[in-house]
Amino acid sequence: MTFRFSVNIFGLESRRAFVVFCRDAEREGYDAVDTTDHLGVGSPFPLLVAAADATRRLRVGTLVLNVEFWNPVLLARDIATTDILTDGRLEIGLGAGHMKWEFDRADIEWEGFTARTRRLESTITTLRDHFGGDGYSEQETLRAEYDIPVLRPIQRRGFGRQGPPLIVGGTGERVLRVAAEYADIISVAGAFQIQGRPPGTFRIGTAAEAAARVAFTRECAGDRANTIEWHTLLQAVCETEDRRGTAEVLLRRTGIEMPVDRLLDSPFLLIGTVDEMARQILDNRDRLGLSHYTVHAPYREAFAPVMARTRALAG
């Protein structure tokens, strides 16, 4: 099982700083850079085109687009354009959105999770149909006269082998069923909504919860389960000689309510020496099947030697 590692892009200060960030990530051994889809940060698709242009081999992806922000027909156009302009290096992550305040600020109706999950599935199937279609019939004469190609993604991997690889993930059974049916890459999310608290109030998941989510999704995926790449987003990377002491400090600082041993065993963050963290990644692969990790931008440099050690240990 080959490991892949990526880093999330956070802020956007200048073009020069962004180019340096992407090239540093490539030099450090990352396989991809990813964008989020939140208010107050850079727009995903221009960032991905710029990241691909600044690097030679990095794949670029969305982790993840909030489908409630996008008209699926117009999104199909952006995905196809970006896949072409990045020479087929694009990966598309789609999600149902979880930050209610963003919906409020964007004047988008906040619906229940069932309705948002239906919209996610509908978006996936609409994109698949557009990618596999023959273009708009209204443009047939124009295309023929001027030899204009139908706008399609370069890749034929995801969306029913009609587009780029598709990433879907979460913690709830409804969204994981969608992931099991359609996704090439399933992200086992480590941020669990706290019951009874406002939407977007999270706690970190435990190893037992991760195992249960993986088992549920594999059962839903059936024969597809062994062809899926299993992913997670690390919430923190803390290099230290004192794992327990650092975990205790982290619990106090963040207000996370969890026994120290459960935090240290969680697959959604890494605490320890470079070797200890690398061995935890190998252990997570063996017990959960996780082989694709994303870190947040502030942890990029700290995680680089962990990647190298993991690859060395994995042979």
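Residues numbered from 1 in each chain as written. Predicted model: local features only at pLDDT ≥ 70, side-chain atom pairs only at ≥ 80, totals over all residues. Heavy atoms only, no water.

K.L.:
What's the story with the packing of helix α3 (residues 72-85) against helix α5 (residues 113-131) in this structure? I'm lost.
P.N.:
Relative placement of two packed helices is described by the angle separating their axes and the distance separating the axes. Closest axis-to-axis distance for the α3/α5 pair is 9 Å, and the angle between their directions is 55 degrees. By the angle class used here, α3 and α5 are oblique. As α3 packs across α5, the resulting crossing turns out to be right-handed. From α3, Pro-72, Val-73, Leu-75, Ala-76 and Ile-79 reach across to α5, where they touch Arg-119, Thr-123, Thr-126, Leu-127, His-130 and Phe-131. Classifying every residue of the contact of α3 with α5 gives seven nonpolar, three polar and one charged. (Axes fitted to C-alpha atoms, helices over the stretch in contact; angles between N-to-C directions. Helix = DSSP H or I, 4+ residues; strand = E, 2+ residues; numbered from the N terminus. Parallel < 35°, antiparallel > 145°, perpendicular 65-115°, else oblique. Left-handed = near helix turned anticlockwise from the far one by under 90°. Contact = heavy atoms within 4.5 Å. Nonpolar A, V, L, I, M, F, W, Y, C, P; charged D, E, K, R; others polar.)

K.L.:
For this particular structure, what's the right way to read the environment of Ala-32?
P.N.:
When you line up the elements, Ala-32 lands in strand β2 (residues 32-35). Each C-alpha atom of the pair Ala-32 and Leu-58 lies 4.8 Å from the other, and the pair is 26 residues apart in sequence. Excluding its chain neighbours within four sequence positions, the residues that come into contact with Ala-32 are Phe-5, Ser-6, Val-7, Leu-58 and Arg-59.

K.L.:
What's the story with the pairing of strand β3 (residues 59-66) in this structure? I'm lost.
P.N.:
Here is the key point about a regular strand: its side chains alternate between the two faces of the sheet. In terms of burial, β3 is a largely internal element, seven of the eight residues being buried. Where β2 lies against β3, four bridges are found, and the strand directions are parallel. Paired with Ala-32 across the two strands is Arg-59, which belongs to β3. Tracing the backbone out of β2, into helix α2 (residues 44-54) and back to the parallel element β3 gives a crossover that is right-handed. Taking the sense of rotation as the criterion, the β-α-β connection linking β3, α3 and strand β4 (residues 90-95) turns out right-handed. (Buried < 20%, exposed > 50% of the residue type's maximum accessible area, 1.4 Å probe, protein only. Pairing = 2+ DSSP bridges. Right-handed = clockwise from strand over helix to strand, strands pointing away.)

K.L.:
Where do I start with the layout of surface pockets in this structure?
P.N.:
Regions of empty space are outlined by a rolling probe, equal in size to a water molecule, passed over the atoms. Here the second largest pocket defines a volume of roughly 440 Å³. Those elements that place two or more of their residues in the lining of the second largest pocket are α3, α5 and α6 (140-146). Looking at the lining of the second largest pocket element by element, the count peaks at five residues for α3. For the lining of the second largest pocket, the per-class residue count stands at eleven nonpolar, four polar and five charged. (1 Å grid on protein atoms, 1.4 Å probe; cavity = no way out; pocket = protein on both sides within 12 Å on 5 of 7 lines; lining within 4 Å. Points joined across faces, edges and corners; volume = space filled by probe spheres on them.)

K.L.:
How should I be thinking about the pairing of strand β9 (residues 229-234) in this particular structure?
P.N.:
Counted residue by residue, β9 has five buried out of six residues, so it is predominantly covered. With three bridges connecting them, strand β6 (residues 185-188) and β9 associate as parallel partners. Looking at β9, one finds that Ile-185 is bridged to Glu-229. With five bridges joining them, β9 and strand β12 (residues 290-296) adopt parallel strand pairing. In the strand pairing of β12, Leu-233 is matched with Thr-294.

K.L.:
Which parts of the structure should I look at to understand the environment of Ala-115?
P.N.:
One can find Ala-115 in helix α5. For Ala-115, a relative accessible area of 24% translates into the label partly exposed. For the pair formed by Ala-115 and Ala-96, sequence separation is 19 residues and the distance between their alpha carbons is 9.2 Å.

K.L.:
I keep staring at the nonpolar core and nothing clicks. Help me out?
P.N.:
Generally speaking, soluble globular proteins have nonpolar side chains that are buried together. Within the largest apolar cluster, 80 residues are counted, with the highest numbers of intra-cluster contacts made by Leu-94, Ile-124, Leu-263 and Phe-303. Contact partners of Leu-263, with chain neighbours within four places excluded, come to Ile-204, Ala-247, Leu-250, Leu-251, Met-258, Leu-269 and Ile-271. (Core = buried A, V, L, I, M, F, W, Y, C linked by side-chain atoms within 4.5 Å.)

K.L.:
Could you clarify how one ought to interpret helix α8 (residues 173-182) in this entry?
P.N.:
In an α-helix, one turn spans 3.6 residues; hence positions three or four apart end up facing the same way. All of the buried residues in α8 are Val-175, Leu-176, Val-178, Ala-179, Ala-180 and Tyr-182. Buried residues in α8 make contact with α5, β5 (166-170), β6 and α9 (207-221).

K.L.:
What should I look at first to understand unusual backbone geometry in this one?
P.N.:
Following Leu-63, the chain continues into Val-64 via a peptide bond in cis, with omega recorded as -10 degrees. Mapped onto the fold, Val-64 is located in strand β3. With a phi close to 55 degrees, Asp-87 is a non-glycine residue in the positive phi region. Position of Asp-87 among the secondary structure elements: in the loop between α3 and β4.

K.L.:
Looking at this structure, I do not really get the environment of Glu-209. What am I missing?
P.N.:
Structurally, Glu-209 can be placed in helix α9. On the accessibility criterion, Glu-209 (23% relative accessible area) is partly exposed. Sequence separation of Glu-209 and Gly-190 is 19 residues, and the distance between their C-alpha atoms is 9.0 Å. Once you skip the residues sitting within four places of it in the chain, Glu-209 turns out to touch Phe-192 and Arg-203. Only 2.6 Å separates the side chain of Glu-209 from the side chain of Arg-203, close enough to count as a polar contact. (Polar contact = N/O pair within 3.5 Å; in protein donor to acceptor, adjacent residues only side chain to side chain.)

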